[in-house]
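The chain contents come next:
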Amino acid sequence: MRKILAVAAAAALALSLSACGRDTGTPATGASGSSAAAVKGTIGVAMPTKTSERWIKDGDNIKQQLEAAGYQVNLVYANDDIPTQVTQVNDMITKKNQLLVVAAIDGVALKGALAEAKSAGIPVIAYDRLLRETDAVSYYTTFDNFKVGVQQGTSLLAGLAASGKPKPWNVELFAGSPDDNNATFFFNGAMSILQPKIDDGTIKIASGETDFKVVATLRWDAAVAKKRMENILTKSYASSDVNGVLAPYDGISRGIIAALKGSGYGSGGKVLPVVTGQDAELESVKSILAGEQYSTIFKDTSELAKATVKMIQEITSGATVTVNDTKSYDNGLKVVPTELLQPVACDKSSCKKILLDAKYYTDAQLA
Ligand code: GAL
């Protein structure tokens, strides 16, 4: 009996090592090619912060779905602190977690730790945010980030047109954290729609601030965005109104709206400008339904978790990994094979139905 157990343990170990050691960096497409059962160890999941609702949902969804599939989960959050995240990832490697799922705070800062993962034969999936300047990342699961920006720009223009305000429209631009690869994609996507309107004089940027580095918001911090909006209002809008603000994420949108309200917008006949967003955070969805924030971009995080868990099962069973994009995400060292999900824009006319249909919120939450 003891001998049988020893043989079984050795076989399991061999399977585990071969699953970990296979070249997961090779772009793979097509249907799953193997029916081998997954080796189910502990999956390390490193999330950036709990200050944003979405990452809590992301972590919960991945944990729940992985546990239901028979894995153990080592889920950690790093309080938006880069050294904390580096330590957490190193710890996962020391503990020989079977595979790492990482939503980075800074896309480059983990490259040293990830090199260790690679030499330990631990596959790495970049989750939502690309891991840059490393060849240790095997795959990437995310939403179509350029399209998110296109949707934000398109929604801003739709809101401006619906506002009935005369052209040229006064618009201000905000972008996300410069160390998050997504921020550039969102901004470039939005500018692909807005730049022609700036060029033809339909849109005026009174502050003159259009450069990504200048409009970026470190750590996606609402307080930083609020401060910058306050400064812009003081400096550039003493004798005119701002009609629209490109905001890349709901937390930033709420910071901007707070600055606007502090300056008299939203009362006494001074209407709030059209403000975009992203993530369909509950507070922002309520703000949209109340007619304050104009729109958001809904990214169904349970679907992203599902795609990631499927990928983990494929990797840990040695099956062919299915991805739908092998050209968009160059991390500086390699083009990372990516599973891209589709974002959905919503505003006051559509948010409620979209979010209830997706079961993202309940009726009671949105009442
Ligand atoms: C991005 C992410 C957005 C938003 C933002 C701030 O990386 O793609 O959906 O959550 O971070 O957390």
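Residues numbered from 1 in each chain as written. Predicted model: local features only at pLDDT ≥ 70, side-chain atom pairs only at ≥ 80, totals over all residues. Heavy atoms only, no water.

Participant: Account for the nonpolar core, with residues named and values stated.
Facilitator: Soluble globular proteins tend to bury their nonpolar side chains together. Of all hydrophobic cores here, the largest spans 41 residues; its most connected members are Leu173, Met229, Ile256 and Leu260. Per-element tally for this core: the top contributor is helix α6 (residues 181-199), with six residues. Those residues in contact with Leu260 that lie beyond four places of it in its chain are Met229, Leu233, Val242, Tyr265, Leu272, Pro273 and Val275. Counting 27 residues, the second-largest nonpolar core is a separate cluster that includes Ala69, Val309, Ile315 and Val321. (Core = buried A, V, L, I, M, F, W, Y, C linked by side-chain atoms within 4.5 Å. Buried < 20%, exposed > 50% of the residue type's maximum accessible area, 1.4 Å probe, protein only. Helix = DSSP H or I, 4+ residues; strand = E, 2+ residues; numbered from the N terminus. Contact = heavy atoms within 4.5 Å.)

Participant: Got a sec to walk through the site of the ligand? Specific residues and values, please.
Facilitator: Within the structure, the ligand sits among Arg54, Trp55, Asp128, Arg129, Asp180, Asn182, Phe186, Trp220, Tyr249, Gln278, Asp279 and Lys299. One of the side-chain nitrogen or oxygen atoms of Arg54 is found 2.8 Å away from an oxygen atom of the ligand. Here an oxygen atom of the ligand and a side-chain polar atom of Trp55 are 3.1 Å apart. Put simply, the parts of the chain that give the shell around the ligand at least two residues each are α2 (53-68) and α6. Here the shell around the ligand is composed, by residue class, of four nonpolar, two polar and six charged. Three or more residues apiece are contributed to the shell around the ligand by two domains, here domain 1 (3-137 + 300-341) and domain 2 (145-299 + 362-366). (Near = heavy atom within 4 Å. Polar contact = N/O pair within 3.5 Å; in protein donor to acceptor, adjacent residues only side chain to side chain. Nonpolar A, V, L, I, M, F, W, Y, C, P; charged D, E, K, R; others polar. Domains from an automatic or database assignment.)

Participant: Please provide a residue-by-residue account of the domain arrangement of the protein, values included.
Facilitator: Entries for the protein in the domain assignment read domain 1 (3-137 + 300-341) and domain 2 (145-299 + 362-366). Opposite the 16 residues of domain 1 that make contact, domain 2 presents 16 residues. Approximately 1300 Å² of surface area, both sides summed, lies buried where domain 1 meets domain 2, with 40% of it carried by carbon and sulfur atoms. For the domain 1 face of the interface with domain 2, the top three residues by lost area are Glu53, Asp300 and Tyr329, together amounting to 33%. Counting across the interface, domain 1 meets domain 2 through one salt bridge. (Buried area = accessible area lost by both parts, 1.4 Å probe. Salt bridge = Lys/Arg side-chain N within 4 Å of Asp/Glu carboxyl O.)

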